Amino acid sequence: MPLTSMRTQLAHGLARIRREDDGFSMVVVMLAVMMLTLTVKVSLDSVDGDQTIARADVTRKQAYSAAESGLQAYVLRLTKDASYWTKCTGNRPTGTTANGTKTVDQTDAVNQWWNGGSGTNPPDPRRWANLPDNSGQYTIEQLPANGKTACNTADPVGTMIDDDTATFRIRVTGRGLNVDGTPGTSKRSIIATFKRKSFLDYIYFTDLETLDPTLYPARYAPGSTQTKENPGNNDVDGSGDRSVVQWGNQVCAQYHYVKGPNNKYRDDQSFAGSSNRSSGFFRSGAWNSLTASCTNTSFANNGAIRFADTDVVNGPFHSNDAPMICGNPDFGRDPSDAIETAAPGDASVTNVTASWRKDGGSGCGTSTPDVNFNGSTAKGNRGSWLMNQGQILLPPTNQSLDQEATAPYTFQGNTTITVGTNTISITGQRASDGQNVTNLVLPYPANGVVYVKNSPSVACVGHSSADPYLARPGCGIASVSGTYGQSLTVGAADDILIVDHIRNGAPTQALMGLVAQNFIRVEHRVQNQNNCATGSNSPNLVGGSTSNLQVDAALLTLRHSFLVDNWNCGAPLGNLTITGAIAQKFRGPVATGSGRTTNSGYSKAYTYDDRLRTLSPPKFLDPVKASWRLKMYQEQSPAT
């Protein structure tokens with residue numbers, strides 16, 4: 001067959017095959033189009049699902065951000081006005097327009113507690129505030145305490161402040177806004193807890209880092225009839241013939257880093273007066289001259305109170321002054337423990353403007369506190385040194401405890417209190433009827449407060465300049481010891497005397513508070529205070545002095561110090577172990593030492609009771625005008 005004919009037949013055959021395959025090809029094409037359509041649809045559905053999840057995630061984040069913004073708005077207002085929380089829902093600031101119309105601050109969205117229940121009209125009655133960028137809204141509820149149902153301006157403390165923790169709480173709920181500005185459905189809620197800055201925040205709080213001037217004459221010239229500037233000389237500086245106590249309170253009782261009226265720092269102040277007058281003490285018919293500065297260690301037997309190398313402060317610390325350091329005492333348990341001073345300056349500087357002072361005595365070495373400086377955490381088991389932290393002011397009196405104590409638990413004069421597991425035993429005089437009682441056994445008071453008043457019939461004589469530890473029968477002095485099983489606060493119009501161990505027999509649930517108007521003293525009597533000796537062979541200790549004393553309590557002295565009686569006499573007594581908190585006006589001495597060695601009294605072993613971060617002994621006193629601080633916050637799920 002010719003080639004041409006073959007080509008013609010092949011062409012016709014292929015054409016026939018194409019014609020016969022037309023239907024099959026259409027099916028294949030349609031199936032391909034269908035598969036492509038399904039693939040596109042699945043892809044679009046997947047993208048749309050991802051976008052939905054992403055949108056939900058964004059709105060949840062917006063809601064939480066709005067809640068946090070509302071919390072910060074509340075914190076800002078509370079910082080500006082510490083009583084802001086007491087106004088409940090009546091705290092919205094108002095303004096006045098140009099035409100005199102009153103306007104309400106629309107960003108203040110504080111509400112009463114809402115339980116989120118249905119049936120309310122409108123369904124969510126809370127007031128909401130827009131964020132400045134209109135990305136969301138927040139609402140705030142003040143959550144009542146102690147079983148109350150609403151914040152009450154007539155009794156804000158009773159309705160808002162938790163009786164057990166001395167805290168109050170708010171709930172802040174946030175929500176995002178849709179594109180059209182309508183509220184979104186996603187909400188997030190935060191519960192925030194506020195607590196005042198408290199003496200209980202620290203294992204050790206001190207206002208002034210100097211010996212209490214009340215103790216000057218007793219420690220330097222015990223038994224003297226006068227300790228004063230010599231009245232036989234001319235009063236050239238117009239100060240009068242001040243006693244050493246008057247001089248100490250006027251001149252030495254100032255912050256170390258603040259200059260006095262004579263442009264001198266406290267260390268430079270002298271009791272010698274001017275060149276035309278002398279000072280001293282009068283004893284045995286003779287005038288004895290005396291020249292000393294406020295922190296001269298020869299004056300008042302270690303008037304320069306210090307933290308020594310053997311001292312351990314296991315917890316947060318605050319001083320309104322600049323503490324003195326000898327050697328390398330330990331402060332704090334880890335970097336979260338704040339070691340605060342109100343003093344200014346670089347912590348590495350040791351001059352009068354420093355936040356701490358170096359003891360220049362022999363044996364102190366470099367005298368650097370063992371802490372983390374300037375944000376460093378090189379010493380992981382030590383606290384963080386903080387400067388310029390501001391002052392925390394002591395209240396002037398503990399009379400509120402007198403008002404809290406009920407008649408069966410109010411006594412007067414010298415009173416002995418022994419605490420037990422379920423009861424307390426009291427020897428003293430009841431204030432209600434003047435009846436003397438001996439070993440009277442009482443259950444723990446329902447409100448947790450015992451108070452010892454000054455006697456109305458026997459005058460309370462002030463602390464003697466010759467011996468501040470002599471018995472003063474008319475004074476409200478509470479002598480306390482024992483192992484307690486329930487929470488208790490003991491208040492005294494004068495001193496509290498720790499006569500033996502005070503131990504916690506129920507450490508998970510019980511707290512002890514000791515609040516003295518004047519001194520909290522550890523009893524330590526000696527045979528001859530006027531001529532005492534120190535050291536391991538000292539014969540001066542009187543039987544009954546407790547070695548390695550343990551005190552589990554929060555201690556607060558308002559006018560004077562926490563100290564050890566006759567701290568500069570006798571042999572070393574081991575450790576003074578305090579588990580709790582200590583707050584005082586003047587730094588109280590508990591020992592004497594040479595360099596890094598303890599010669600008399602106790603070495604300090606103070607450990608913070610972490611329960612005091614959230615709990616408090618009954619009716620324990622707060623600082624004057626202390627600011628509120630945000631203690632903690634956490635998300636509530638589900639949101640309301």
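Each value, and the rule that gives it
- Residues numbered from 1 in each chain as written.
- Predicted model: local features only at pLDDT ≥ 70, side-chain atom pairs only at ≥ 80, totals over all residues.
- Heavy atoms only, no water.
- Helix = DSSP H or I, 4+ residues; strand = E, 2+ residues; numbered from the N terminus.
- Buried < 20%, exposed > 50% of the residue type's maximum accessible area, 1.4 Å probe, protein only.
- pLDDT = per-residue confidence, 0-100.
- Contact = heavy atoms within 4.5 Å.
- Phe/Tyr/Trp six-rings, centres within 6.5 Å; stacked < 30°, edge-to-face > 60°.
- Arc of directions from axis to C-beta.
- Core = buried A, V, L, I, M, F, W, Y, C linked by side-chain atoms within 4.5 Å.

## Here we look at the overall build of the chain
Now for step 1: In terms of regular secondary structure, the chain is built from 6 helices and 33 strands.
Now for step 2: Buried residues in the chain amount to 48% of all 640 residues.

## Description of the environment of Gly 345
Now for step 1: Counting through the fold element by element, Gly 345 comes out in the loop between strand S16 (338–341) and strand S17 (357–358).
Now for step 2: The sequence separation of Gly 345 and Ser 355 amounts to 10 residues, and the corresponding C-alpha distance is 5.6 Å.

## Concerning the confidence of the model for the chain
Now for step 1: For the chain, the average pLDDT comes to 81, and 74% of its residues sit at 70 or higher.
Now for step 2: Contacts from residues 273–277, a stretch scored under 50 in pLDDT, to residues over four places away or in other chains number 14 contacts.

## Brief notes about unusual backbone geometry
Now for step 1: A cis amide bond, omega 0 degrees, links Ser 637 with the succeeding residue Pro 638.
Now for step 2: Take Pro 638: it is sitting in the segment after strand S33 (628–636).
Now for step 3: Unusually for a residue other than glycine, Cys 88 sits at a positive phi of about 55 degrees.
Now for step 4: Residue placement: Cys 88 occurs in the loop between helix H2 (22–80) and strand S1 (94–96).
Now for step 5: Not every positive phi belongs to a glycine, and Asn 146 is a case in point at roughly 55 degrees.
Now for step 6: Counting through the fold element by element, Asn 146 comes out in the loop between strand S5 (136–143) and helix H3 (156–160).

## A short note on the packing of aromatic side chains
Two numbers describe a pair of aromatic rings. These are the distance of the centres and the angle of the planes.
Now for step 1: Taken as a whole, this structure holds 16 aromatic pairs when the rule is applied.
Now for step 2: Centroid distance Phe 168 to Trp 628: 5.0 Å. Interplanar angle 75 degrees. Geometry classified as edge-to-face. Taken as a pair, Phe 168 in strand S6 (residues 167–177) and Trp 628 in strand S33 lie far apart in primary sequence, 460 residues in all. The residues Phe 168 and Trp 628 share a single accessibility class, namely buried.
Now for step 3: Each ring, one from Tyr 204 and one from Phe 317, has its centre 6.0 Å from the other, and the planes form 50 degrees; the classification is tilted. Of the two residues, Tyr 204 sits in strand S8 (residues 204–208) while Phe 317 sits in strand S13 (residues 317–319), which places them 113 residues apart along the sequence.
Now for step 4: For Tyr 204, a relative accessible area of 1% gives the class buried.

## Comments concerning the environment of Thr 185
Now for step 1: Along the chain, Thr 185 falls in strand S7 (residues 183–196).
Now for step 2: By relative accessible area, which is 80% here, Thr 185 ends up exposed.

## A short note on helix H5 (residues 244–252)
Now for step 1: Listed in full, the buried residues belonging to H5 are Val 244, Trp 247, Gly 248, Val 251 and Cys 252. End-on, the buried residues of H5 take up no more than an arc of 100 degrees, which puts them together on one face.

## A word on the nonpolar core
Now for step 1: In this structure, Leu 514 and Phe 562 are the most contacted members of the largest nonpolar core, which totals 87 residues.
Now for step 2: The greatest single-element share of this core, amounting to 6 residues, is contributed by strand S30 (residues 572–586).
Now for step 3: Ignoring any residue separated from it by four or fewer positions in sequence, one finds Leu 514 in contact with Val 480, Val 490, Ile 496, Ile 498, Ile 502, Ile 520, Ala 553, Ala 554, Leu 555, Leu 556 and Phe 620.
Now for step 4: Within the second largest apolar cluster, 25 residues are counted, among which are Ala 109, Val 110, Leu 131 and Ala 192.

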